[in-house]
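Working through the structure, step by step
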Amino acid sequence: MTQAPTPTAETVRRLARSLLPGGEQPAVTPVEEGGTTWWVGTRHVLRLAPDREASLRQLRELRLRSLVRAHVALAVPTSVARGEWADGLSYTLDTRLPGATGEEPGVSAVGEADLAALLTALREVPVRQAETLGVPRVAPRSLETLRAAAVSAAGRLAEADEFDPARLAQLAAPAARQLGVQSGAAVLVHHNLGRAHLVVSGDGRVRGVLGWTDAIVGDPAEDIASLSAAVGAPAAVRAATLAGYGARPCLRGLWLARCDTLVRLADALDGRDETPLPVLRGRVLRAWESIMLERVTELPGEEAP
């Protein structure tokens, strides 16, 4: 198999110069290590697919963004140019949305309402249309299986003085079974609503959403989970409640996040996850913030909307 080329600053500079009007020569800066996403001046972002599978996902994302833009009030990036930067490897030059992303931005109370509107809008995107575009339908994860992995991870974290495993007692095995997915309909799920994909303004409003390549049709609790790790459990649950989700999907999302963050942090300590430890520790802290509905109680007959 041919090794994919590695994009360099000169590669990006030449491509950007060919795409921008008048031969403009903007500064180019890598957004993150790996060299596949670059800031191009102050108004654009150039994303280079590193392999053919990523190219297919990128093309699917471009079609999906056009679909969700009709339903989601928040800004979604627009592609102003697309093509191939190497044989069989796609690129898209996107508009840069104003605001901040990353580990620093906080979300205000009004920002929580923005997130609620996002969750509501995702539920309104026609699932059949999304699947026609190639968005995969994914079965819900087993919270029981994830809880077992989290129990093991918590033991490893306790050895490293990172986490008190007694806190997992709030999610006993019967409770994990109780939070299995009910018969509610699958919805469009962004599936990666982390801080890197939420564009937040200085006043804490959520102004835009990036990173639609991981979107699926499936369990809406997955988006509640990623928001719990991104903006904190209380804010995520409040946003989901405002969006019309009941206690069951909110608690399911919360515990998906709590278990996921423990597993990821333990993997990083053991060298199996390259995400920086401070980032993973921040996600654990946010997902494990206390909420009013902390323990799983009897939820007879309740289903996600």
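Before reading on, note that the structure itself is shown above.
Residues numbered from 1 in each chain as written. Predicted model: local features only at pLDDT ≥ 70, side-chain atom pairs only at ≥ 80, totals over all residues. Heavy atoms only, no water.

Here we take up the overall build of the chain. Scanning the chain from terminus to terminus reveals 10 helices and 9 strands. For the chain, the C-alpha atoms occupy an extent of roughly 65 × 45 × 45 Å along the three principal directions. Within the chain, the proportion of its 305 residues that are buried is 49%. As presented, the chain carries roughly 14400 Å² of accessible surface, and 53% of it is formed by carbon and sulfur atoms. (Helix = DSSP H or I, 4+ residues; strand = E, 2+ residues; numbered from the N terminus. Buried < 20%, exposed > 50% of the residue type's maximum accessible area, 1.4 Å probe, protein only. Areas by Shrake-Rupley, 256 points an atom, 1.4 Å probe, with all protein chains shown as cover.)

What follows covers the environment of Pro-30. By secondary structure assignment, the location of Pro-30 is in strand S1 (residues 28-30). Taking the C-alpha atoms as reference points, Pro-30 and Ala-266, separated by 236 residues in sequence, lie 29 Å from one another. Among all residues touching Pro-30, those that are not within four sequence positions of it are Thr-37 and Trp-38. (Contact = heavy atoms within 4.5 Å.)

A few words now on the pairing of strand S2 (residues 37-40). Sheet topology note: the S1/S2 ladder contains 3 bridges and is antiparallel. Looking at S2, one finds that Pro-30 is bridged to Trp-38. As defined by bridge partners, S2 adjoins strand S3 (residues 44-48) across 4 bridges and the pair is classed as antiparallel. Note on S3: the bridge partner recorded for Val-40 is His-44. Taking the residues between adjacent antiparallel strands as the criterion, S2 and S3 are bridged by 3 residues, where Gly-41 takes a positive phi near 65°. (Pairing = 2+ DSSP bridges.)

A word on the sheet that holds S2. If you walk across this open sheet you meet the 5 strands as S1-S2-S3-S5-S4, and the pairing is antiparallel. With partners counted over all chains shown, the strands left at the sheet margins are S1 and strand S4 (79-86), one partner each. With strand direction ignored, the average angle separating the axes of adjacent strands in the sheet is 25°. Strand contacts of helix H1 (residues 9-19): S1, S2, S3, S4 and strand S5 (89-95), with the helix running at about 120° to S3, the strand carrying the most contacts. (Axes fitted to C-alpha atoms, helices over the stretch in contact; angles between N-to-C directions.)

Here we come to the nonpolar core. If you look at the biggest cluster of nonpolar residues, it comprises 71 residues, and the most contacted ones within it are Leu-188, Leu-198, Trp-255 and Leu-262. It is helix H9 (residues 247-269) that contributes the most residues to this core, 12 residues altogether. Look past the residues within four positions of Leu-188 in its chain and what remains in contact with it is Leu-64, Val-68, Leu-122, Val-125, Val-127, Ala-130, Val-135, Ala-215, Ile-216 and Asp-223. One finds Leu-15, Ala-16, Leu-20 and Trp-38 within the second-largest nonpolar core, a separate group that totals 15 residues. (Core = buried A, V, L, I, M, F, W, Y, C linked by side-chain atoms within 4.5 Å.)

We now examine helix H7 (residues 221-231). Most of H7 is tucked away: 11 of the 11 residues are buried. Buried within H7 are the following residues: Ala-221, Glu-222, Asp-223, Ile-224, Ala-225, Ser-226, Leu-227, Ser-228, Ala-229, Ala-230 and Val-231. Just downstream of H7, Gly-232 is the residue with a positive phi angle, here 105°.

What follows deals with the packing of aromatic side chains. By convention here, two paired aromatic rings are described through the distance between centres and the angle between planes. In the structure shown here, the tally under the stated rule is 2 aromatic pairs. An aromatic cluster of three or more residues is present, and its members are Phe-163, Trp-255 and Trp-288. A cation over a ring is seen here: Arg-123 above Tyr-245, with NZ or CZ 4.8 Å from the ring centre. Positioned above the aromatic ring of Trp-288, the side-chain terminus of Arg-258 is 4.9 Å from the ring centre. (Phe/Tyr/Trp six-rings, centres within 6.5 Å; stacked < 30°, edge-to-face > 60°. Lys NZ or Arg CZ within 6 Å of the ring centre and 35° of its normal.)

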